[in-house]
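One-letter residues, chain by chain:
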Amino acid sequence: MKISTQSPPWAVAIVVCVGVFAISTGSIFVRLAIDAAGMRGVGFSLVISASRLSIAALLLASTWRNIAWRSLQPGAVLHGVGAGICLAFHFATWITSLSYTSIAASTTIVTTSPIWVAILAWFWLREKPSKLTLFGIAIALSGGLIIGLGEGASADISSHPILGNSLALIGAWAVAFYLMLGREAQQRGLKIGGYAAIAYTVAALVLLPLPFLFGVGYTGYPNIVYVYLILMAILPQLIGHTSFNWAVNRTSPTLVTLAILLEPVGASIFAYFLFGEIPAIPVLLGAIVMIVGVAIATVGKNNTGDL
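Counting starts from 1 at the beginning of each chain's written sequence and moves along it residue by residue. This being a predicted model, a pLDDT of at least 70 is required before a residue's local features are given, and a value of 80 or more before pairs of side-chain atoms are given or counted; all residues contribute to the totals for chains, interfaces and linings. The side-chain quantities take in all heavy atoms of the structure and omit both hydrogens and water.

1. What about the nonpolar core?
Formed by 55 residues in total, the largest nonpolar core has its most connected members in Phe44, Ile48, Leu53, Tyr178, Leu190 and Tyr200. At the level of secondary structure, the elements contributing two or more residues to this core comprise α2 (26-37), α3 (42-59), α4 (76-97), α5 (103-110), α8 (161-187), α9 (192-207), α11 (223-247) and α13 (263-275). Where helices and strands are cited, they refer to DSSP runs of H or I of at least four residues and of E of at least two residues respectively, numbered from the N terminus. With ten residues, the top contributor of residues to this core is α9. By definition, residues are in contact when any of their heavy atoms lie within 4.5 Å. If near-sequence neighbours (up to four positions away) are discounted, isoleucine 48 is found in contact with Val30, Ala33, Ile34, Ile95, Leu229 and Met232. For our purposes a nonpolar core is just a set of buried Ala, Val, Leu, Ile, Met, Phe, Trp, Tyr and Cys residues, chained together by side-chain atoms within 4.5 Å. Buried, partly exposed and exposed residues are distinguished by accessible area as a fraction of the type maximum, computed with a 1.4 Å probe on protein chains only: under 20%, between the cut-offs, and over 50%, respectively. Trp116, Met180, Met290 and Ile291 belong to the second-largest nonpolar core, a separate cluster that totals 22 residues.

If you want it as structure tokens, here you go:
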């Protein structure tokens, strides 16, 4: 394990733990906002997505002046813009999924992005996955099948599980493209702050007008809804994502990726205490199988001897 001498292991561990806690609150704030507004469906989910990213983009506005535009390689900004479009699609689909399926199922499925990144890298970068990665992907997909079959037993907390789980899966695919495009943008000269500012701003601009297409606006909700939107932008978006971006340069990327897989665990614990949400046994079993599969695939892809 390679750790910067300026960042002791205990400091990295604390930052990663903070990051896990922060991203685990994302689905919780979404559900709280939905319940407080008394609205479900695509329109209000787009309001949540656009508001979360708009606030995050505004908080990063000062980083625009630090972008070294002249030193960027061709395509850097274009890839950043593409990443922002994919990020918008991710939040639009994943946040909508929380109106139709359980928090446990949604967060587990959406955190399968590492296996889709591995598959994308296979075709995009010609990085052939190892046998261990393929084995992990097979396990993860079997876990997804178990979740899909088991959600029917959770009708009390899942109004339309097939739709919700499908949207969460599409959200995971969108994240995979977001990560691949973001990787290219940073390799072409964009620093993490400038890249995040571009991606978040583009995503916000893409999402902002969409709620109006569904007859939904941004005003008239209880004040607590706007509190949840602000907390979403600060905790899971800025603190959560930034924590992992900071840690990945100071310890093994594999360990950071595996830590992110704790999000469904943290989110499910919060959901139990706040909403009394107890997924069906098959859903819990499928979630465990899927997380194990993604972990194996991640280790297979990133194990380069630095662990």
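2. Remarks on the packing of α2 against α11
Following both chains from N to C, one finds α2 and α11 inclined at 170°, their axes separated by 9 Å at the closest point. Taken together, the axis directions place α2 and α11 in an arrangement best described as roughly antiparallel. Contacts between α2 and α11 involve Gly26, Phe29, Val30, Leu32, Ala33, Ala36 and Ala37 on the former and, on the latter, Ile224, Val225, Tyr228, Leu231, Met232, Leu235 and Pro236. Polar here means any residue outside two lists: the nonpolar Ala, Val, Leu, Ile, Met, Phe, Trp, Tyr, Cys and Pro, and the charged Asp, Glu, Lys and Arg; Gly therefore counts as polar. Here the residues of the contact of α2 with α11 sort into 13 nonpolar, one polar and no charged. Axis definition: a line fitted to C-alpha atoms, limited for helices to the stretch in contact. Angles are taken between N-to-C directions and run from 0 to 180 degrees. Should an angle lie under 35 degrees it is considered roughly parallel, over 145 roughly antiparallel, and from 65 to 115 roughly perpendicular; all remaining angles are considered oblique.

3. Here's the deal with the packing of aromatic side chains
Two rings from Phe, Tyr or Trp (for Trp, the six-membered ring) form a pair when their centres sit within 6.5 Å of each other. Planes less than 30 degrees apart are called stacked, planes more than 60 degrees apart edge-to-face, and all others tilted. Tallied over the full model, the rule gives eleven aromatic pairs. Each ring, one from tryptophan 116 and one from tryptophan 173, has its centre 6.0 Å from the other, and the planes form 90°; the classification is edge-to-face. Of this pair, tryptophan 116 sits in helix α6 (residues 113-124) while tryptophan 173 sits in helix α8; the two residues are 57 residues apart in sequence, bridging distant segments of the chain. Under the relative-accessibility criterion, tryptophan 116 is labelled buried at 16%. The exposure class assigned to tryptophan 173 is partly exposed, which follows from its relative accessible area of 39%. Between the aromatic rings of tyrosine 221 and tyrosine 226, the centroid separation amounts to 6.2 Å while the plane-to-plane angle is 55°, which identifies the pairing as tilted. With a relative accessible area of 12%, tyrosine 221 lands in the buried category.

4. Description of the packing of α5 against α8
Where α5 contacts α8, the axes come no closer than 8 Å and their chain directions differ by 25°. Judged by the angle between their axes, α5 and α8 are roughly parallel. The handedness of the crossing between α5 and α8 is right-handed. The segment α5 lies against α8, with Ala105, Ser106, Ile109 and Val110 engaging Asn165, Ala168, Leu169, Gly171 and Ala172. Here the contact of α5 with α8 is built from residues that sort into six nonpolar, three polar and no charged. Two helices crossing with the near one rotated counterclockwise from the far one by less than a right angle form a left-handed crossing, whereas a clockwise rotation gives a right-handed crossing.

5. Details of α8
Taking 1.5 Å per residue as the helical rise, α8 with its 27 residues ought to reach 39 Å, and the 39 Å between its terminal C-alpha atoms agrees with that figure. Looking at the residues trailing α8, positive phi occurs at glycine 189, about 115°. Between the first and last residue of a helix there are one fewer steps than residues, each counted as 1.5 Å, and that sum is the expected span.

6. What about the pattern of salt bridges?
Any carboxyl oxygen of Asp or Glu that lies within 4 Å of a side-chain nitrogen of Lys or Arg is treated as forming a salt bridge with it. Counted by the stated rule, this structure contains three salt bridges. One salt bridge connects glutamate 277 with arginine 31, and the closest N-O pair in it is separated by 3.0 Å. Of the two residues, glutamate 277 sits in the loop between α13 and α14 (281-302) while arginine 31 sits in helix α2, which places them 246 residues apart along the sequence. With respect to burial, glutamate 277 and arginine 31 carry one shared label: buried. Note that arginine 40 is salt-bridged to aspartate 35, the shortest N-O span being 3.6 Å.

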